[in-house]
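# Survey of secondary and tertiary structure
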Amino acid sequence: MRGTNALTARTMSKTPQAIRGTQDIFGAEAEAFAFVVETFERVRKLYRFRRIEMPVFERTEVFARSIGETTDIVSKEMYSFLDRGDESLTLRPEFTAGIARAYITNGWQQHAPLKVATHGPLFRYERPQKGRYRQFHQLDAEILGAGEPQADVELLAMADQLLKELGIADGVTLNLNTLGDGDSREAWRAALVEHFRGVRGELSEDSQERLEKNPLRILDSKDPRDRAFVADAPKIDDFLSPQAQDFFGAVTAGLDAAGVAWERNPALVRGLDYYRHTAFEFVTDRLGAQGTVLGGGRYDGLMESLGGPATPAVGWAAGIERLAMLVGERAPQERFDVAIIPMDDAGLAQANSLARSLRAEWNNVEIYATGKLKKRMARANEAGALVAVLIGEDEIAAGEVTVRDLHDGEQARVAPADVSGIVAKAQNAQWLRQTEHSGIGLPDWIDPDA
Ligand code: ATP
Ligand code: MG
């Protein structure tokens, strides 16, 4: 293909830049990112959500039909393209629609109620800024085939615990609303249309358009021209059916019993069409305009819009980058037990052999094979290693290694088989230092000097 060759020749001369709105995540940010994902994995197991893996792309209609044609996502943010078979495909802008599609096409009904969780990259053509990217990442949790308010409670309790385990719950508030059932929502919608029609000319252009297609979305507008009219718009509470009221009452009672703090926000609607009953967002003012870290709700109508049987479900998604920004530098440093520093090739063979046996006992080991000895010691220290193991000519001749405790500087020559015992001691000592530091009292039976 001549065209491809010409393209390669042209682009080879200059290093290609990353795509706008994508990120290469490294260093402290990458550590915070990993901490968020690892904590999520731990918490979803506590609540017994099963891990699933989903395709990164789907047929375009999966998103168009479920998220709603008039939403920002479908109308202007999707990465859609024709593949070589002329089929319209879309890089997933969210997880829920694909998971709903999978539930129907795989007959996952047999597992209902099904609690699933996943995480990974998503794609939206947005204006990139801090906390807003074109490829970003989410944690996602869903309970499918569960119509009772307890599912909403469970899901929110899990979200709440996740934020607490991440150490970022302070200053993050759970905003909660109900959109009512189908009838309540219709009646509210009609009242909203009437209210906003009266001031149509003063609304933002976007909201004038929403008025016809999707009036609830006006409540979600961030445009200052709309805010005043949103404030005195009709409230859902005046339109809730008794059943919808009961449902919301059960959710809030469950949250109170589970110790999950929440605030009522009657204007909260969220940007997607498919929500019914519960809608929620965890918001903070610590991230500027990108203050929503986690959002979700109940989407009882979604499966039908994809041609499946009526299936109640509820779920949430959280932006990993936004959570990681809140975690910031507070991500715990990864454990580093042993730095092995061989002096020459014979030492390197010993280093590989020692590393193998230490790692088999779950010690974190790194071999520093090159560079000046002093430099290598400094690198090991900086990286926070507990123990350095030096292997030089003398040590090899004696069948020993030199072990140095990098906290107190104590040093000894020991047999390689004794290294793991010394590492265990250093780990204990560090644990004691950290416990003291954190102010957690030690139980009486522990002698800190032992
Ligand atoms: P926003 O109002 O900020 O655009 P949204 O309503 O579009 O958010 P959802 O579709 O509910 O967001 O996605 C859930 C979460 O995913 C958000 O609360 C946010 O943390 C994160 N998120 C959404 N879009 C982006 C993006 N472009 N970049 C980074 N994170 C994002
Ligand atoms: Mg958005």
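Residues numbered from 1 in each chain as written. Chains lettered and ligands numbered in written order. Predicted model: local features only at pLDDT ≥ 70, side-chain atom pairs only at ≥ 80, totals over all residues. Heavy atoms only, no water.

Attention now goes to the pattern of salt bridges. A full pass over the atoms with the stated rule returns 23 salt bridges. For Glu-209, the salt bridge identified is with Lys-213, shortest N-O distance 3.5 Å. Residue Glu-209 and its partner Lys-213 are both found in helix 8 (residues 205-213); the two are separated by 4 residues, about one turn of the helix. Connected through shared salt-bridge partners, Glu-41, Arg-44, Arg-51 and Glu-53 make up one network. (Salt bridge = Lys/Arg side-chain N within 4 Å of Asp/Glu carboxyl O. Helix = DSSP H or I, 4+ residues; strand = E, 2+ residues; numbered from the N terminus.)

The next subject is the nonpolar core. Core analysis: the biggest nonpolar cluster contains 50 residues, and Leu-144, Trp-188, Phe-196 and Leu-219 have the highest contact counts within it. Counting residues per element, the ones that place at least two in this core are helix 3 (60-67), helix 4 (72-77), helix 5 (96-105), strand 5 (114-123), strand 6 (135-144), helix 7 (182-197), helix 9 (224-231) and helix 11 (302-305). No other element matches helix 5, which puts 5 residues into this core. Residues within four places of Leu-219 in sequence aside, it is in contact with Trp-188, Leu-192, Phe-196, Arg-227, Val-230, Ala-233, Ala-267 and Val-269. Ala-141, Ile-168, Ile-320 and Ala-331 belong to the second largest nonpolar core, which has 47 residues in total. (Core = buried A, V, L, I, M, F, W, Y, C linked by side-chain atoms within 4.5 Å. Buried < 20%, exposed > 50% of the residue type's maximum accessible area, 1.4 Å probe, protein only. Contact = heavy atoms within 4.5 Å.)

With that settled, the discussion passes to the site of ligand 1. Inspection of the region around ligand 1 gives 15 residues, with Arg-124, Glu-126, Arg-132, Lys-222 and Arg-270 positioned closest. In the model, an oxygen atom of ligand 1 is placed 2.7 Å from a nitrogen or oxygen of the Lys-222 side chain. Note that an oxygen atom of ligand 1 is positioned 3.2 Å from one of the backbone N or O atoms of Gly-319. Protein chains bury 91% of the 590 Å² of accessible surface belonging to ligand 1 in isolation. Of all the secondary structure elements, the ones that give two or more residues to the shell around ligand 1 are strand 6, strand 10 (292-298) and strand 11 (313-319). (Near = heavy atom within 4 Å. Polar contact = N/O pair within 3.5 Å; in protein donor to acceptor, adjacent residues only side chain to side chain. Areas by Shrake-Rupley, 256 points an atom, 1.4 Å probe, with all protein chains shown as cover.)

Bringing the sheet that holds strand 3 (residues 79-82) into the picture now. What the 3 strands build is an open sheet, ordered 2-4-3; its pairing is antiparallel. Edge positions in the sheet fall to strand 2 (57-59) and strand 3, since each of these pairs with one other strand and no more. On average, each strand axis in the sheet is tilted by 30° relative to the strand beside it, whichever way the strands run. Taken together, the 3 bridges between strand 2 and strand 4 (residues 88-91) define a ladder with antiparallel strand orientation. Bridging across to strand 4, Arg-59 finds its partner in Leu-89. In this fold helix 3 packs onto strand 2, strand 3 and strand 4, with an angle of close to 75° to the strand it touches most, strand 2. (Pairing = 2+ DSSP bridges. Axes fitted to C-alpha atoms, helices over the stretch in contact; angles between N-to-C directions.)

Glancing now at the pairing of strand 4. The pairing of strand 3 with strand 4 spans 4 bridges and is antiparallel. Counted as the bridge partner of Tyr-79 is Leu-91 from strand 4. Counting the residues that bridge the hairpin from strand 3 to strand 4 gives 5 residues, and of these Asp-86 lies at a positive phi of roughly 60°.

Another aspect to go through is the packing of aromatic side chains. Summed over the entire model, instances satisfying the criterion amount to 3 aromatic pairs. Ring centres 6.0 Å apart and planes at 65° place the aromatic pair Phe-40 and Trp-316 in the edge-to-face group. Of the two residues, Phe-40 is situated in helix 2 (residues 28-46) and Trp-316 in strand 11; the sequence distance between them amounts to 276 residues. Each member of the pair Phe-40 and Trp-316 is classed as buried. Between the aromatic rings of Phe-336 and Tyr-368, the centroid separation amounts to 6.4 Å while the plane-to-plane angle is 20°, which identifies the pairing as stacked. You can see Phe-336 sitting in the loop between helix 12 (320-327) and strand 12 (338-342) and its partner Tyr-368 sitting in the loop between strand 13 (365-367) and helix 14 (373-382), a full 32 residues away along the chain. Accessibility assignment for this pair places Phe-336 and Tyr-368 in one class, buried. Positioned over the ring face of Tyr-125 is Arg-134, at 3.9 Å from the centre of the ring. (Phe/Tyr/Trp six-rings, centres within 6.5 Å; stacked < 30°, edge-to-face > 60°. Lys NZ or Arg CZ within 6 Å of the ring centre and 35° of its normal.)

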